Amino acid sequence: MKVQRTASTAFTAEFESEQELTDEHRANLSFGALRLPTVDSVNLHTALTVTLRGPWAAEIAVSATVVAVLPDGIALAIEGNPDEILTRLLVRPSMAVETAAEEEETTPEKSQTTWDRMRGLSQMEKILLAVRADRTERALLLQDNDPRVLLSILRNPRLTVDEVVRLAKSSFLTYQIAEVIMKTVQWLASLDVRLALIHNAKTPQAFSLRILPTLPDSEIKTIARAGTSMALKQAALRRLQGRT
């Protein structure tokens, strides 16, 4: 495993082979843990962001906490579903090519045909379709005002970050949708997703207050002036005052 410290509380860990990755999953990842070999000193209980990179360059960012200092590294407790992490890291380039081909097939003619077909679907059929929908179908389903459909889209393994941003900005956002986004590490690792949530008045205040400390000062200043609630604006002001 190649490990690089990219910031005071951030690391990149690259698995050099599928065998190395599966061995680490069997020994540690499957238990919500990760052994990170590093000569860098990190204090116990430090919260980190670790970008894991698979043998074919697939990446996923996970939140982690230092639970032990080892002679040759650190032991981490990581957040997220271990099996989902493994699956994402094992994505091969051919799968990425399939996704690109899917996007190239999105033409105005196809969109029109898809729209005509989907207009005749019942809500239950849309819910079932959302989990396996292609990009054209997802673009139409994201306009649906049924939270059940939108929640099903979040279960689609081909969902992209830009689509999550669109959903996070949606006027149809619900507590349940926001909660799923908040619990998915690779989505919350995106600044665009966090900004979409914190600027959406439909986002529960508790979630917005959790996102606030993760934002750059320039964004916190914006929220201090025009936050979605008085409590959020006051929290932003307190953070700015605490840094002066």
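Just above, that's the structure.
Conventions we followed
- Residues numbered from 1 in each chain as written.
- Predicted model: local features only at pLDDT ≥ 70, side-chain atom pairs only at ≥ 80, totals over all residues.
- Heavy atoms only, no water.
- Helix = DSSP H or I, 4+ residues; strand = E, 2+ residues; numbered from the N terminus.
- Buried < 20%, exposed > 50% of the residue type's maximum accessible area, 1.4 Å probe, protein only.
- Contact = heavy atoms within 4.5 Å.
- Axes fitted to C-alpha atoms, helices over the stretch in contact; angles between N-to-C directions.
- Parallel < 35°, antiparallel > 145°, perpendicular 65-115°, else oblique.
- Left-handed = near helix turned anticlockwise from the far one by under 90°.
- Nonpolar A, V, L, I, M, F, W, Y, C, P; charged D, E, K, R; others polar.
- Core = buried A, V, L, I, M, F, W, Y, C linked by side-chain atoms within 4.5 Å.
- Pairing = 2+ DSSP bridges.
- Arc of directions from axis to C-beta.
- 1 Å grid on protein atoms, 1.4 Å probe; cavity = no way out; pocket = protein on both sides within 12 Å on 5 of 7 lines; lining within 4 Å.
- Points joined across faces, edges and corners; volume = space filled by probe spheres on them.
- Salt bridge = Lys/Arg side-chain N within 4 Å of Asp/Glu carboxyl O.

## Section: the environment of Leu191
Relative to the helices and strands, Leu191 resides in helix H11 (residues 191-198). Accessibility expressed as a relative area gives 32% for Leu191, which makes it partly exposed. C-alpha of Leu191 to C-alpha of Leu215: the two residues are 24 residues apart in sequence and 7.6 Å apart in space. Ignoring anything within four residues of it in the chain, the contact list for Leu191 reads Leu215 and Pro216.

## Description of the packing of helix H13 (residues 217-226) against helix H14 (residues 230-242)
Interaxial distance between H13 and H14 falls to 7 Å at its minimum, and their mutual angle equals 135°. Classified by the angle their axes make, H13 and H14 are oblique. The interaxial crossing formed by H13 with H14 has left-handed handedness. Only Leu232, Lys233, Ala236, Leu237, Arg239 and Leu240 of H14 make contact with H13, whose side of the interface consists of Asp217, Ile220, Lys221, Ile223, Ala224, Arg225 and Ala226. The residue makeup of the contact of H13 with H14, split by class, is eight nonpolar, no polar and five charged.

## Remarks on the nonpolar core
Where a protein is soluble and globular, its nonpolar side chains tend to be buried together. In this structure, Leu141, Ile153, Ile181, Leu197 and Leu212 are the most contacted members of the largest nonpolar core, which totals 39 residues. A total of five residues in this core trace back to one element, the largest contributor, which is H11. With residues near it in sequence (within four places) discarded, Ile153 still touches Ala130, Arg138, Leu141, Leu142 and Leu159.

## Focus: the pairing of strand E4 (residues 47-53)
With five bridges joining them, strand E2 (residues 10-14) and E4 adopt parallel strand pairing. When the sheet's bridge partners are listed, Glu14 is paired in E4 with Arg53. Of the strand pairs in this sheet, E4 and strand E5 (residues 59-70) are connected by seven bridges, and their pairing is antiparallel. Bridge pairing in E5 links Ala47 to Thr65.

## What about H13?
Listed as buried for H13 are Ile220, Ile223 and Ala224. One side of H13 carries all its buried residues, which in axial view fall inside an arc of 105°. H13 presents Arg225 and Ala226 as exposed residues on the side facing more than 90 degrees away from its buried surface. On its buried face, H13 is in contact with H11 and H14.

## Some details on the layout of surface pockets
Approximately 530 Å³ is the volume attributed to the second largest pocket. For the lining of the second largest pocket, the secondary-structure elements that each account for two or more residues are E4, E5, helix H9 (175-183), helix H10 (185-188) and helix H12 (205-211). Along the lines of polarity and charge, the residues of the lining of the second largest pocket split into twelve nonpolar, seven polar and four charged.

## Quick notes on the pattern of salt bridges
Overall, the coordinates contain ten salt bridges when judged by the stated rule. A salt bridge links Asp146 to Arg148, with the shortest nitrogen-to-oxygen separation between them at 2.8 Å. In this structure, a network of salt bridges that share partners links the residues Glu14, Arg53 and Glu59.

## Quick notes on the environment of Arg88
Along the chain, Arg88 turns up in helix H2 (residues 82-89). With relative accessibility at 26%, the residue Arg88 sits in the partly exposed group. In the structure, Arg88 is positioned 29 residues away from Glu59 in sequence and 7.4 Å away in space, judged by C-alpha atoms. Setting aside residues no more than four positions away along its own chain, Arg88 makes contact with Ala58, Ile60 and Gln186.

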